Amino acid sequence: MSQPAADTSTETSRGRWTALVGWGGLAWLVAFSVYFHSQRLPNNPEYSRRDLWLYLPDLLLIHLPGGSETVSGSEGASASLTIEQQAAHSGWRYLPQRADLMLVGFAIVVGAIGWGSVILRALRISLHGLAERLALAGGVGLSAWSLFTLALGLCGLMSRPLFIAVLLLGVALAVFLLWRDQARPNAPVIQVPVVPWWSHRFFASSMLPLWVLVAVAPFVLAMALGSMLPPTDFDVKEYHLGGPKEFFQNGRITFLPHNVYTSFPFLTEMLSLSAMIVRGDWYRGALAGQLVLMAFAPLSACAIFALARRLAGPLAGWWAVLIHLSTPWVYRISIIAYAEGGLAFYLIASLLAVVMLRDSHGADDSTVKHRVPLLIGFLAGSAASCKYPGLVQVTIPLAMSALWFCWPRSRFGGFRGFSRCAVLVAVGILAAFGPWLVKNIIETGNPVYPLAYRIFGGIDWDAEMDAKWRAGHAASAFKLSSVSEVPADLCRQAVDIAAINDWGSPLLWGFAPIGLLATSTRRKTWGVWLFVAWVFLVWWGLTHRIDRFWVPMIPAVSLLAGIGAAQASSALSSWFTNRRMPGWLSSLLIGFPVAALVLFNLAFATSPLCGYNAYLLDEAYLLDQALAPSIAAIHEAKIDPPPKILLVGEAEIFDARFALRYNTVFDKSLFESWFAAERLDTDPGKRDLRPIDEIRQQLRQEGITHVFVNWSEILRYRRTYGYTDFVTARRFDELASAGLLREIELPGGVIPWDELSAEDQAEVLAWSPELRTDARAFRRWALYEVITDTVVTD
């Protein structure tokens, strides 16, 4: 008679636990959301999220037909049109202006997915579901296409017809193999079920998929439109797109000693270069390339869905897709040509492949055991190919995870099988990441140039430059005074990431912890939690803590949040069902706050606070809107004949439509190299000028007709990374007095002295007081014409 009592006790315990997961999860979501929206925005301190709720209807309606398009820039974009002018020159009628960009971007993405599917078929890896196939085919294909661009670029074979032909061939092969599969349903390759997405089977248990697709559609549309806008971010103009532009104009990929960033692994930048080649134009191609990079967001969503389905079922996958694609950070990195979008995708795709390997326990198909490790290595190596931090954040930990699941066990054939697995992982990593190492070895002698200079050295690099680089990029600036401060700092940074940072989402950390309450999902996801903690610790301890450097962990957090959301919604539904209450009440309780938060994220993401948002502005006005102010000033000078300008302190070169020479802040100063006498003193500020005739001859040999100096940028560098003391206003005054340079007046060349901070004012007065032209003005920049002939003066 005791057994029924035990059963009743168990059922009571389960009921209480269900209530805790459901109601406790909902309470946490609401409480966390309230705290989240009480914060001011660190990067936009004049706004708080709570204030933005008052403008929510306007922010949501402003981009609809008939609404006044808000054209506002970030990161230096200028807004020269009034609201009325913006509305008059913006709308869906201007979408056809982007037709060539959409065609090129679509061709590259589809062609790359085609080649990726062909490669996966060659590996004969069993995949499950359309989302998994798209994610892995896209990941493999885009990485392979990037390597193809690198190889042909190094050989100087950047032929537009060749690139188009290869893309078409990839699509043709994929379509042919798909047709062959349908003709031979028992063929031992990936089978694609012909089942309409709207079928009853798709929505058999829930209407959640339909609501998710409707909710994320405007986010994806905004990402696509935003990605086709001219770039406004400094790093993008300096090297993410500036580097590919130089490669395209040079006709081949070469070592650029004046831009150290172009020696980084350039997986995403190669995609931009390939778009330039396919389009046949560096500017339009760059915009199409940004659309290609935007594709990493929906591909990441596919990988998240596939991973969540393996761990917790399809409903968790749909929740995760909603949470991920509605996160403002995901939108932001999708409209800006950063490398983080690609790195975030390869993180979650690599994690998916690791889980595939884990799930192969007991599988009889040896191809799963012996070829999935190769896939893991290639995807993890592709993360490092996006940027060096990916090597530590993704490649190493996931390679180690693969080896853990390959540890000598019967299903892998003992130690021999483990060794084979280790070799395949290494081969995959080298296939994806190795070409970048080899390129750097050939060009500089250092496989990870400019890193590890003290180990490998490197051409055109020295100890002084290395020290400057490490000072500007190391985490040493965040060292704490004592070890006891570490826990508090870790908590402070974690809270900042979760709730304070401008572009976060309350759905991420409002749902992610709920999954820890359910025993079944907790057992399956502890590894994901450890991985998220690892990425955070790497960001905290090994980087200079730029916000976007932790962004790659967002897909993994979205996965955990999706699982938590599914657990909470399922628990609430069970609680209401057990009490014979209408099921729609549970849907309303969880759906209403989620819908409100998604609408807020949409309004925030499409506002100027999240990036340049002139989605459908007439392209006749776009270039002026996004031009760097300094480059715009040079263009307005209308120099004839076309000049070749030495840029001093200016590295935003993507917008420039004139020939130029420049160097980044971490490279050797061309101005100092060309203008300074032999170095007899270690202090650059004390170096003399070379004889004027020698400088004139140097400029003549380089074809330089003008010199532009951006004093504002140099001032910023001096207060952050450092800048050579040789460059001062006094030097230019001496060169002008000697008859070598003649200043040309530029618009905006002087700004009010009061616009400078107190620290900047002190730096100017100590370094180059001549830049303060009077008590009220600061010389922002200056353009000089080079007098090529010797001028005789009395």
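The structure this text deals with has already been given above.
Residues numbered from 1 in each chain as written. Predicted model: local features only at pLDDT ≥ 70, side-chain atom pairs only at ≥ 80, totals over all residues. Heavy atoms only, no water.

A. Spotlight on the overall build of the protein chain. Scanning the protein chain for helices and strands turns up 33 helices and 9 strands. Per-residue burial for the protein chain yields a buried fraction of 55% across its 794 residues. As displayed, the protein chain offers around 33200 Å² of accessible surface, 63% of which is attributable to carbon and sulfur atoms. (Helix = DSSP H or I, 4+ residues; strand = E, 2+ residues; numbered from the N terminus. Buried < 20%, exposed > 50% of the residue type's maximum accessible area, 1.4 Å probe, protein only. Areas by Shrake-Rupley, 256 points an atom, 1.4 Å probe, with all protein chains shown as cover.)

B. Spatial organisation of the packing of aromatic side chains. Enumeration over the complete set of coordinates arrives at 43 aromatic pairs. Judged by centre distance (4.9 Å) and plane angle (55 degrees), the rings of F666 and Y721 are tilted. Of this pair, F666 sits in the loop between β4 (659-661) and α29 (670-675) while Y721 sits in the loop between α31 (711-718) and α32 (729-737); the two residues are 55 residues apart in sequence, bridging distant segments of the chain. Taking relative accessible area as the criterion, F666 reaches 2% and is therefore assigned buried. (Phe/Tyr/Trp six-rings, centres within 6.5 Å; stacked < 30°, edge-to-face > 60°.)

C. Structural view of the pairing of strand β3 (residues 644-648). Most of β3 is tucked away: 4 of the 5 residues are buried. Bridging between β3 and β4 involves 3 bridges; their strand directions are parallel. The residue bridging K644 from the neighbouring strand is A659, located in β4. The pairing of β3 with strand β5 (residues 706-710) spans 4 bridges and is classified as parallel. In the sheet register, L646 faces β5, and the bridge partner there is V707. (Pairing = 2+ DSSP bridges.)

D. Quick peek at a nonpolar patch on the surface. Side chains of W584, L588 and F592 sit close together on the surface and give an oily, nonpolar patch of about 400 Å² of accessible area. Its place among the elements puts F592 in helix α26 (residues 583-605). F592 gets classed as exposed once you look at its relative accessible area, which sits at 60%. (Patch = residues over 30% accessible without salt bridge, like charges linked within 9 Å, V, L, I, M, F, W, Y side chains within 5 Å. Salt bridge = Lys/Arg side-chain N within 4 Å of Asp/Glu carboxyl O.)

E. The pattern of salt bridges, seen in detail. Counting across every chain of the model gives 28 salt bridges. Residue E672 is joined to R687 by a salt bridge in which the shortest nitrogen-to-oxygen separation is 2.9 Å. You can see E672 sitting in helix α29 and its partner R687 sitting in the loop between α29 and α30 (692-702), a full 15 residues away along the chain. Per residue, the accessibility class of E672 equals that of R687, and both read buried. Note that E694 and R690 form a salt bridge whose closest N and O atoms lie 3.4 Å from each other. On the basis of relative accessibility, which here comes to 18%, the residue R690 falls in the buried class. Through salt bridges with shared partners, one network takes in R98, D100, R279, R284 and E619.

F. Molecular detail of the environment of P643. Inspection of the secondary structure assignment puts P643 in the loop between α28 (629-636) and β3. Those residues in contact with P643 that lie beyond four places of it in its chain are F658, A659, T705 and H706. (Contact = heavy atoms within 4.5 Å.)

G. Examining the side chain of E246 more closely. Mapping E246 onto the fold places it in helix α10 (residues 242-250). The buried charged residue E246 lacks any salt bridge partner; its closest oppositely charged side chain belongs to R661, at an N-O distance of 7.4 Å. (Lys, Arg positive; Asp, Glu negative; His and termini not counted.)

H. Region of interest: unusual backbone geometry. The omega angle of the peptide bond from Y449 to P450 is 5 degrees, so this bond is cis rather than trans. Within the secondary structure, P450 is located in the loop between α19 (414-444) and α20 (453-456). For the bond from D640 to P641, the omega torsion is 0 degrees, close enough to zero to count as cis. Secondary-structure assignment places P641 in the loop between α28 and β3. Despite not being glycine, D460 has its phi angle at roughly 60 degrees, a positive value. You can see D460 is positioned in the loop between α20 and α21 (463-473). Owing to a relative accessible area of 25%, D460 belongs among the partly exposed residues under this scheme.

I. Examining the state of the cysteines more closely. Counted by the stated rule, this structure contains 1 disulfide. Each sulfur in the disulfide pair C406 and C421 lies 2.1 Å from the other. The disulfide joining C406 to C421 has a torsion of about 65 degrees about its S-S bond and is therefore right-handed. Placement of the pair is C406 in the loop between α18 (389-405) and α19 and C421 in helix α19, with a sequence separation of 15 residues. Across the pair, exposure class does not vary: C406 and C421 are buried alike. (Disulfide = S-S within 2.5 Å.)

J. Geometry of helix α12 (residues 282-294). Its 13 residues give α12 an end-to-end C-alpha distance of 18 Å, which sits within 8% of 18 Å, the value for a rise of 1.5 Å per residue. Taking the backbone nitrogen of Y283 as reference, a side-chain oxygen 3.1 Å away marks D281 as the first, capping residue of α12. (Expected span 1.5 Å × (residues − 1). Polar contact = N/O pair within 3.5 Å; in protein donor to acceptor, adjacent residues only side chain to side chain.)

K. Quick look at the sheet that holds strand β9 (residues 781-786). With mixed pairing, 5 strands are arranged side by side in an open sheet as β4-β3-β5-β9-β6. On the outer flanks of this sheet lie β4 and β6 (741-744), each paired with one strand and no other. Put simply, the sheet's adjacent strands are angled 30 degrees from each other on average, direction ignored. Of the strands in this sheet, β3, β5, β6 and β9 touch α32, which is tilted by about 110 degrees from β6. (Axes fitted to C-alpha atoms, helices over the stretch in contact; angles between N-to-C directions.)

L. Molecular detail of the pairing of β5. In terms of residue burial, β5 counts as a mostly covered element, since 5 of its 5 residues are buried. Of the strand pairs in this sheet, β5 and β9 are connected by 5 bridges, and their pairing is antiparallel. When the sheet's bridge partners are listed, V709 is paired in β9 with A782.

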